[in-house]
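These are the residues of each chain, in order.
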Amino acid sequence: IWNDSLISADSENNALCEKGEFMKKLIVACGSGVATSQTVASKLSRLLKERGCSCTVEAVEKEAVTCRVVSCHAADTEPKQAITLFMALPKGDKMEFIVQKAVELGVSRIVPYLSKNCVSRPDKTEKKVERWRKIAAEAAKQCGRGRLPEVAAVVPVAQAIAQAAESETALFFYENEKRTGLHDALAGGVRDTVSLMVGPEGGFDPAEAKAAVDAGLQSVSLGTRILRCETAPIAALAAVLYAGGNM
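Residues numbered from 1 in each chain as written. Predicted model: local features only at pLDDT ≥ 70, side-chain atom pairs only at ≥ 80, totals over all residues. Heavy atoms only, no water.

Peer 1: Could you give an account of the nonpolar core, naming the residues involved and the relevant values?
Peer 2: Of all hydrophobic cores here, the largest spans 54 residues; its most connected members are V99, Y113, L171, L196 and M197. Among the elements that make up this core, the one with the highest residue count is helix α3 (residues 126–143) (6 residues). When near neighbours in sequence (up to four residues on either side) are disregarded, L196 contacts I83, T84, L85, F86, L171, F173, A236, L237 and V240. (Core = buried A, V, L, I, M, F, W, Y, C linked by side-chain atoms within 4.5 Å. Buried < 20%, exposed > 50% of the residue type's maximum accessible area, 1.4 Å probe, protein only. Helix = DSSP H or I, 4+ residues; strand = E, 2+ residues; numbered from the N terminus. Contact = heavy atoms within 4.5 Å.)

Structure follows, in structure tokens:
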């Protein structure tokens, strides 16, 4: 969202910029059913302010309103760090839970990936990703996020490793790591960009673990207990947010 841009919303929870393109980073909650233009205007103005934008109402129509953005600043609800979660595809609907809770905690981006030991190996993932994106939007709306986290398309493990290695703090959560715990890995602080790479139910293949370390990711442990694949990313994310001064 830029200064002087026009944002319009209707009672169906749609937010459009002046060119008619969907504003993915703007979350508008107008409630269910038919809303009056006054209701839409009030909620849009309030929510824009909560998400770091000051605006003025430009036009009010039957069931839609247009606001002009006066100024934007960093939203108070966003973490200090940009955190990307690289999550191996779990079986069943576990990914839905992971996406929801990761967004609530403050993740910036979620990249699902396929590793050798993934139990779930669907031929087509487009509909699943679409579903996860809807869950992310609902979670962001519910917890008052200042931006809509991205849920990327499913990628191979090699591509996930390459992307994760680009972050300043890149952590690879390996079940066979015996020397370095998360506490030790975060002792030097948390940098501005963070990658968290979590494996599948079957764990990482040794070749994948070697590839991750060779790429520059730091192999770390989440403790001596065996965590479920849906528990590990939430525990890791919460710990990194705490270490980064967000809690």
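Now, onward.
Peer 1: Tell me about the pattern of salt bridges, and name the residues and values.
Peer 2: Applying the stated rule across the entire model yields 10 salt bridges. For K94, the salt bridge goes to E201, with nearest N and O atoms at 3.6 Å. Within this pair, whereas K94 is found in helix α2 (residues 94–105), its partner E201 is found in the loop between β10 (193–198) and α6 (206–215), the two being separated by 107 residues in sequence. Exposure remark for E201: the relative accessible area of 29% places this residue in the partly exposed category. (Salt bridge = Lys/Arg side-chain N within 4 Å of Asp/Glu carboxyl O.)

Peer 1: Provide a residue-level description of α2, including the pertinent values.
Peer 2: Between the first and last C-alpha of α2 there are 17 Å, a value that for 12 residues agrees with the 16 Å anticipated at 1.5 Å per step. Immediately beyond the C-terminal end of α2, within one or two residues, lies G106, with a positive phi of roughly 130°. (Expected span 1.5 Å × (residues − 1).)

Peer 1: Could you give an account of the environment of D214, with specific residues and numbers?
Peer 2: If you trace the backbone, D214 turns up in helix α6. For the pair D214 and A165, spaced 49 residues apart in sequence, the C-alpha separation works out to 9.7 Å. Side chain to side chain, D214 and K210 meet in a polar contact 2.7 Å long. (Polar contact = N/O pair within 3.5 Å; in protein donor to acceptor, adjacent residues only side chain to side chain.)

Peer 1: An account of the state of the cysteines is requested, with residue identities and associated values reported.
Peer 2: Evaluated as defined, the whole model comprises 0 disulfides. With no disulfide of its own, C118 lies closest to C229 among cysteine sulfurs, the gap being 9.1 Å. In this structure C118 comes out as buried when scored by relative accessible area, which is 5%. (Disulfide = S-S within 2.5 Å.)

Peer 1: I'd love a proper account of the environment of G244, names of residues and values included.
Peer 2: By secondary structure assignment, the location of G244 is in the segment after α7 (232–243). Take G244: its relative accessible area is 12%, and that puts it in the buried class. Sequence spacing of G244 and R191 is 53 residues, and the spatial spacing of their C-alpha atoms is 8.0 Å. In contact with G244, not counting residues within four places along its chain, are K80, Q81 and V190.

Peer 1: Outline the environment of L237, supporting the account with residue identities and numerical values.
Peer 2: With respect to the helices and strands, L237 occurs in helix α7. You can call L237 buried: its relative accessible area is 1%. Along the backbone, L237 and V194 are 43 residues apart, and their C-alpha atoms lie at a distance of 10.0 Å. Those residues in contact with L237, other than ones at most four positions away along the chain, are I83, A102, L105, V107 and L196.

Peer 1: Lay out the pairing of strand β6 (residues 109–114) with the relevant residues and their values.
Peer 2: With 5 bridges joining them, strand β5 (residues 82–88) and β6 adopt parallel strand pairing. In the strand pairing of β6, M87 is matched with P112. Pairing geometry for β6 and strand β7 (residues 150–151), over 2 bridges, is parallel. In the sheet register, I110 faces β7, and the bridge partner there is V151. Bridge count between β6 and strand β8 (residues 155–156): 2 bridges; the pairing is parallel. Among the inter-strand pairings, L114 is bridged to a residue of β8, identified as P156. (Pairing = 2+ DSSP bridges.)

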